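Chain residues, written in single-letter form:
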Amino acid sequence: MIKNYLKTAWRNLLQNKATSFISIAGLAVGICCFLLLATYLINELRYDRFHQKADRIVRIIQNHKSPDYNEVNTIAVTPTAPVPVFKQQLTDVEDGVRIIDYSDMRPAIVQFGDKLFKEKNVLMADGSFFKIFSFKFISGDAGSALGNSSSIVITASTATKYFGADNPIGKILKVDGTNNMMVTGVVEDVAEYSQIKFDMVGSYAMMPRSLIRKWDSANDYSYLLLKPSADRVATERKINTYLDSLYKNDLAAGEKIWYNLEPLTSIHLYSTAGGLEPSGNIKYVYILGIVAVILLVLACVNFLNLVTARSAERSKEIGVRKVMGAQRKQLFFQFITEAGIITLVSLIAGVVFASFCFPAFSDFSGQALNFNTWNITWLVTAILGLFFIVTLLAGTYPSLYLSAFKPVVILKTKSTGAAGGNTLRKSLVVFQFIVSVFFIISTLIAGNQLKYMQNLNTGMDRSQVMVLDIGGMPFNNLEPFKNAIAQNPGITGATASYNSPVNVRGGYSINSADGKNSDFNLPVTAAPIERNFIKTMGMTLVAGRDLDLGDEQQVRKDSLRQYSFILNETAIAAMGWKPEQAIGKHIGLNGRTGTIKAVAKDFNFSSLHQKIEPLVIFPEYDWFGKLLVKTNGKNTAATIAVMEAQWHKFYPNSPFEYHFLDHEFEEMFKTDQRTGSILQAFTLVTIFISCLGLFGLAVFSTRQRVKEIGIRKVLGANVMSIVGLISSDFLKLVLIAVIISSPLAWYAMSAWLQDFAYRIDISWWVFLLAGGMAILIAFVTVGYQSFKAALSNPVKSLRSE
Amino acid sequence: MLSLQHISKYYQVGGNKNFVINDISLDVDEGEFVSIMGPSGSGKSTLLNIIGMLDDPSTGYHYFVDQPVHQMKEKQRSALYKQYIGFVFQAYHLIDELTVYENIETPLIYQDVKGSERKAMVADMLDRFNIVGKKDLFPAQLSGGQQQLVGIARALIAKPKLLLADEPTGNLNSKQGEEIMELFRKLNKEDGVTIIQVTHSEKNAEYGSRIINLLDGRVESSKKF
Ligand SMILES: Nc1ncnc2c1ncn2[C@@H]1O[C@H](COP(=O)(O)OP(=O)(O)OP(=O)(O)O)[C@@H](O)[C@H]1O
Ligand SMILES: [Mg+2]
């Protein structure tokens, strides 16, 4: 029996090549996208779970509430003391590790023989690092690798980079010119799905800070390993009780400091505190999960639609089979078998597509994704699951529907009537287009928002600004280097600053000010700069005067240092002043004292997701991270060549590296851009699938109406009126979809935009454009069929009846 | 063989009952060859479908091989039907996707006949109808007469006791029609198959041993030869 089902099913598939192709193409694309998205989601969900003790590891984050500022300031770093203290004093804590992101501010310069590299992924960690986290050792021992203050563990590809095929163990790497560190272990390259990523991990004890246990100045990422019996929340409570008594005498009234323990495995998707790498977002996991399911459903809907559309043609076969003694059950299985075969072929095609798409999708998503991301039992389960779910989803309704036909009804009427299920099919087309239009609108809005961010006047002129890393370079060479490159006519200015101006991060607080109480405290972002900063970056002052050489000299004195501060408008407002009033007021910033010299017009100095916050910039004496070089944009290559030549003269031990500030700015909303491109890709896919469905229906409906069309033509209808007749049926459906979809998309995208402090208003033309596009696409899809039908010879179609 | 008693079939049209079969009582014995005639719309096909259990009467009693069909559930009825009845249509109603061989084989599949047995039975039937050479062709590749031969072969494959034929020659020329009628006669005489056919042709009707004339859902006349 089953052989017979398979045979008929297979023949049916071959005989109706067009429909089979449409069903299979739609399903295959749907399955392919589903697999890609599922892989992405699995990767997100397996983040950090590869550590054997993952379920017992927590990260300490620190919260600070100042009485003078409304928001709680949460950071993912702690001072040096908590880890060793908690390990000693709390029975719940089995072990702990402090990690310093050594190359965070500036790359480390690492040398082996004549090999010199800038390393951007260097961590320093306590000796317990490899006991708590499970990174796989190729050589060396996890327990003792970081036991010595000059030990360093490197990854396999780093080892190859420095030592080629030689045995790395025991080799000495010179870090930042002064520290000789011995390689004591080689681990496998760190997986993409680890929040702790590194090329090298050195011993925390190498740094002077390791010697002192301090409870202020938070710089360490601190992870604790809890005992199996410990309860995270209870431990957190004990820690905070401890902190309360510790800080009792140091905090102002209304000020509060407390810690939270975040489970390691929930940091990547849930934490908003930041950390060693930017977090993912559980929201996107949900959204993409929903998208995956929707795409699959769309593809199934297509299939379902085409099968029921063919019911008219198949009704005769069904009737005959029933007259020959087929029971409903047997027919049901026949049709389910057909659905199963189509699904199987689609599934194979979908898996093959997906394996071809993985490289591009990996680029797209920034994660190394392929079928290896799955564990094999999951993959098999998923594919089998897909097979059954798709077969049942797509096959059950048509099978029930077809097998219920009454033979008399079909066979009595000599035509192939029984074109039931029309309302259902129409609803399904509407459903598909609701989804398509939703995606079109969302893509348009997301695109607008991204363009808006790129072109937003952020209050600074980023164009043609090159950023050079000068962290750790001898400070005395800076001025001569600047003078040397300034000779070049292509360079119009150069100024150093602590951070890149699009991403200023220093956490400070203003803790004394004229006219404020002695316990005044306003957390601010602050960064040292040079005197030309405001001018070179094209910023504006709303009050006061720009910094000059005198201000710089003043802070470089050994005693009686007096700072000249520039505050932004937001900071001034937070102080409760007007810009003009503020000039000349004394303030203290983490121990630096001085006066306010100028008020800068607000500019965006971090992600556009955030509003502009209080900012202080000030001249500093001897350390800068970045050199910002403004060029005139003409003959950039030559300018760069000149700069490189000068660089090697002044900084012979350091590679020349640069990037453009604009690029860095765009990098900051890369996740958003990525979401935008993912949205775009899936918009195309949904449109494609929906059009396949529409096309299939158009084929059938014109086929069903050949007689009507023939008669109309004989009666004198012209081609256009017939095209209109057929197309308008479908266009009406699309129009309904547009009407239903628009408010849904509006709602969803409004919610998405809430995440941006700087956002566009959704304008009405987006909906008009999306609707127009959907209708145009639908018309092109249906139009061909309509024309074909309209142009066919009526005599032929009527005779064949 | 079968007995219809006070069978009616009506459709609700507006508020009225529109009778298609109006209180027909009819007995057919085993081995009879009945021809049903009547003008278009007089209810011939409906009556045949009721006899063949494809359609339910609105009221009345229906006995088949002494069993009360009107009291049966779908499943029992279908079992009875499979065992006893074969159907032939004016429009042949072969399955386009199946070959001649497979079309004939299909009823056996639905009756769970074993593969080897099926092969023998189909081969037999192909032989008997002289269409062995056509067994791998699809219906579209056959003439109307040949298609109807396949239709009849298919109706007979499961050895039914009762053959129902709704205008089996309606789409055929007179020579093809005659051949089919000869075949029916032979089946009736030699194999003892009871036949009920609907026809518009006096000449074909006379192959039967009884002619029933319908008019407006009633038996207008019935004569036995
Ligand atoms: N679903 C229905 N609703 C209402 N009336 C119907 C329905 N089906 C059939 N009829 C009517 O029943 C009557 C008998 O139909 P039937 O097919 O039995 O006629 P017939 O004698 O076989 O005619 P013909 O010689 O043309 O085949 C017709 O008048 C037809 O209009
Ligand atoms: Mg009829």
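Everything quoted here is computed from the prediction, not taken from an experiment. (Residues numbered from 1 in each chain as written. Chains lettered and ligands numbered in written order. Predicted model: local features only at pLDDT ≥ 70, side-chain atom pairs only at ≥ 80, totals over all residues. Heavy atoms only, no water.)

**With respect to the environment of A:Arg545**
Residues and elements named next belong to chain A.
Next, step 1: Among the secondary structure elements, Arg545 is positioned in the loop between strand E18 (541-544) and helix H16 (549-555).
Next, step 2: Residues Arg545 and Pro501 lie 44 residues apart in sequence; the distance between their C-alpha atoms is 20 Å.
Next, step 3: Once residues within four sequence positions are removed from consideration, Arg545 is found in contact with Lys597 and Ala598. (Helix = DSSP H or I, 4+ residues; strand = E, 2+ residues; numbered from the N terminus. Contact = heavy atoms within 4.5 Å.)

**What to know about the site of ligand 1**
Residue and element names in this part refer to chain B.
Next, step 1: Of all residues adjacent to ligand 1, which total 13 residues, the nearest are Ser40, Gly41, Lys44, Ser45 and Thr46.
Next, step 2: At a separation of 2.9 Å, an oxygen atom of ligand 1 approaches a polar backbone atom of Gly41.
Next, step 3: With respect to ligand 1, the side chain of Glu167 contributes an N or O atom lying 3.5 Å from an oxygen atom.
Next, step 4: Burial of ligand 1 by the protein amounts to 64% of the accessible area it has alone, namely 640 Å².
Next, step 5: For the shell around ligand 1, the element with the highest residue contribution is helix H1 (residues 44-51), accounting for three residues.
Next, step 6: Looking at the shell around ligand 1, its residues break down into three nonpolar, seven polar and three charged. (Near = heavy atom within 4 Å. Polar contact = N/O pair within 3.5 Å; in protein donor to acceptor, adjacent residues only side chain to side chain. Areas by Shrake-Rupley, 256 points an atom, 1.4 Å probe, with all protein chains shown as cover. Nonpolar A, V, L, I, M, F, W, Y, C, P; charged D, E, K, R; others polar.)

**Digging into the UniProt feature "domain: ABC transporter" (unreviewed entry) in chain B**
Next, step 1: Residues given the UniProt feature "domain: ABC transporter" (unreviewed entry) here are residues 2-225 of chain B.
Next, step 2: Secondary structure over residues 2-225 of chain B splits into 35% helix and 29% strand, and the C-alpha atoms at its two ends are 19 Å apart. (UniProt positions renumbered as here; feature names shortened; annotations may be inferred.)

**Let's talk about a nonpolar patch on the surface**
Residues and elements named next belong to chain A.
Next, step 1: A contiguous nonpolar patch, built from Ile376, Val380, Leu384, Phe388 and Leu392 and spanning about 500 Å² of accessible area, is present on the exposed surface.
Next, step 2: Position of Leu392 among the secondary structure elements: in helix H11 (residues 376-403).
Next, step 3: Overall, Leu392 belongs to the partly exposed group, its relative accessible area being 47%. (Patch = residues over 30% accessible without salt bridge, like charges linked within 9 Å, V, L, I, M, F, W, Y side chains within 5 Å. Salt bridge = Lys/Arg side-chain N within 4 Å of Asp/Glu carboxyl O. Buried < 20%, exposed > 50% of the residue type's maximum accessible area, 1.4 Å probe, protein only.)

**With respect to the sheet that holds strand E6 (residues 85-89) of chain B**
Think of a sheet as strands paired side by side through backbone hydrogen bonds, with each pair either parallel or antiparallel.
Residues and elements named next belong to chain B.
Next, step 1: Reading across the sheet, the six strands line up as E6-E7-E8-E3-E9-E10 and stay open at both edges, with mixed pairing between neighbours. Single-partner strands in this sheet number two, and they are E6 and strand E10 (218-224). Shown here is a sheet whose adjacent strand axes are inclined to one another by a mean of 15°, direction ignored.
Next, step 2: In this structure, E6 lies alongside strand E7 (residues 162-166), joined through five bridges in parallel fashion. Along E7, the bridge assignment pairs Gly86 with Leu163.
Next, step 3: Here H1 sits on the sheet in contact with strand E3 (33-37), E6, E7, strand E8 (194-198) and strand E9 (210-215), set at roughly 155° to E7.
Next, step 4: Where helix H5 (residues 144-156) meets the sheet, it contacts E6 and E7, and its direction lies at approximately 170° from that of E6. (Pairing = 2+ DSSP bridges. Axes fitted to C-alpha atoms, helices over the stretch in contact; angles between N-to-C directions.)

**Topic: the interface of chain B and chain A**
Next, step 1: Facing 26 residues of chain B, the contacting portion of chain A comprises 25 residues.
Next, step 2: Across the interface of chain B and chain A, roughly 2,400 Å² is buried in total on both sides, 56% from carbon and sulfur atoms.
Next, step 3: It is B:His93, B:Glu97 and B:Tyr110 that lose the most area in chain B upon contact with chain A, and together they represent 30% of the buried surface on that side.
Next, step 4: Of the charged contacts, one joins A:Arg11 and B:Glu102 as a salt bridge, the two residues approaching to 2.4 Å between their closest N and O atoms.
Next, step 5: Linking chain B with chain A are three residue pairs in polar contact (both at pLDDT 80 or more).
Next, step 6: Those elements giving two or more residues to the side of chain B that touches chain A turn out to be helix H2 (74-84), E6 and helix H3 (100-110) of chain B.
Next, step 7: For the side of chain B that touches chain A, the residue count by class is 12 nonpolar, seven polar and seven charged. (Buried area = accessible area lost by both parts, 1.4 Å probe.)

**Points about the sheet that holds strand E1 (residues 2-13) of chain B**
All names here are of chain B.
Next, step 1: Taken together, the four strands give an open sheet; going across it, the order is E2-E1-E4-E5, and neighbouring strands pair in antiparallel fashion. Strands at the two margins of the open sheet, each flanked by one partner only, are strand E2 (16-28) and strand E5 (67-68).
Next, step 2: For E1 and strand E4 (residues 59-64), the ladder comprises five bridges, and the chain directions are antiparallel. Looking at the pairing, Ser3 lines up with Tyr63 of E4.

**Here we look at the packing of aromatic side chains**
Next, step 1: Tallied over the full model, the rule gives 42 aromatic pairs over all chains.
Next, step 2: Each ring, one from B:Phe33 and one from B:Phe184, has its centre 6.4 Å from the other, and the planes form 55°; the classification is tilted. Of this pair, B:Phe33 sits in strand E3 while B:Phe184 is found in helix H6 (residues 174-190), placing the two residues 151 residues apart along the sequence.
Next, step 3: In this arrangement the basic side chain of A:Arg462 is found over the ring face of A:Phe665, its NZ or CZ atom lying 3.6 Å from the centre.
Next, step 4: Directly above the ring of A:Tyr758 sits A:Lys611, whose terminal nitrogen or CZ lies 5.8 Å from the centroid. (Phe/Tyr/Trp six-rings, centres within 6.5 Å; stacked < 30°, edge-to-face > 60°. Lys NZ or Arg CZ within 6 Å of the ring centre and 35° of its normal.)

**Looking at the pattern of salt bridges**
Next, step 1: Considering all chains together, one arrives at 32 salt bridges over all chains under this definition.
Next, step 2: For A:Asp469, the salt bridge identified is with A:Lys626, shortest N-O distance 2.9 Å. One end of the pair, A:Asp469, is in strand E14 (residues 465-469); the other, A:Lys626, is in strand E23 (residues 626-631), with 157 residues separating them in the sequence.
Next, step 3: Residue classification places A:Asp469 among the buried residues on the basis of a relative accessible area of 11%.
Next, step 4: Residues A:Glu530 and A:Lys482 are paired through a salt bridge, measuring 2.6 Å at the closest nitrogen-oxygen approach. Here A:Lys482 lies in helix H14 (residues 478-486) and A:Glu530 lies in the loop between strand E17 (522-529) and helix H15 (533-536), a separation of 48 residues in the sequence.
Next, step 5: A relative accessible area of 3% places A:Glu530 in the buried class.
Next, step 6: By relative accessible area, which is 8% here, A:Lys482 ends up buried.
Next, step 7: Salt bridges sharing common partners tie together A:Lys7, A:Arg11 and B:Glu102.

**Observations regarding helix H2 (residues 17-45) of chain A**
Next, step 1: The end-to-end C-alpha distance of H2(A), which contains 29 residues, comes to 41 Å, matching closely the 42 Å that a straight helix rising 1.5 Å per residue would cover.
Next, step 2: Among the 29 residues that make up H2(A), 25 are buried, leaving the element largely enclosed by the rest of the structure. (Expected span 1.5 Å × (residues − 1).)

**Remarks on the domain arrangement of chain A**
Residues and elements named next belong to chain A.
Next, step 1: Assigned domains of chain A: these are domain 1 (1-46 + 279-417), domain 2 (54-270), domain 3 (431-456 + 669-801) and domain 4 (465-632).
Next, step 2: The distance between the C-alpha centroids of domain 1 and domain 3 comes to 23 Å.
Next, step 3: Counting residues at the interface gives 28 residues for domain 1, matched by 26 residues for domain 3.
Next, step 4: Of the roughly 2,400 Å² buried between domain 1 and domain 3, counting both surfaces, carbon and sulfur atoms make up 76%.
Next, step 5: Together, Tyr284, Leu298 and Phe364 form the three largest contributors to the area buried by domain 1 at its contact with domain 3, with a combined 25%.
Next, step 6: For the interface between domain 1 and domain 3, the tally reads zero salt bridges.
Next, step 7: Taken together, domain 1 and domain 3 are joined by three residue pairs in polar contact (both at pLDDT 80 or more). (Domains from an automatic or database assignment.)

**Digging into unusual backbone geometry**
Next, step 1: Backbone geometry at A:Asn635 places phi at a positive 50°, although glycine is not the residue there.
Next, step 2: With respect to the element layout, A:Asn635 can be found in the loop between E23 and helix H19 (636-650).
Next, step 3: One non-glycine residue, B:Asn130, adopts positive backbone phi at about 60°.
Next, step 4: Mapped onto the secondary structure, B:Asn130 falls in the loop between helix H4 (115-128) and H5.
Next, step 5: Overall, the relative accessible area of 71% leaves B:Asn130 in the exposed class.

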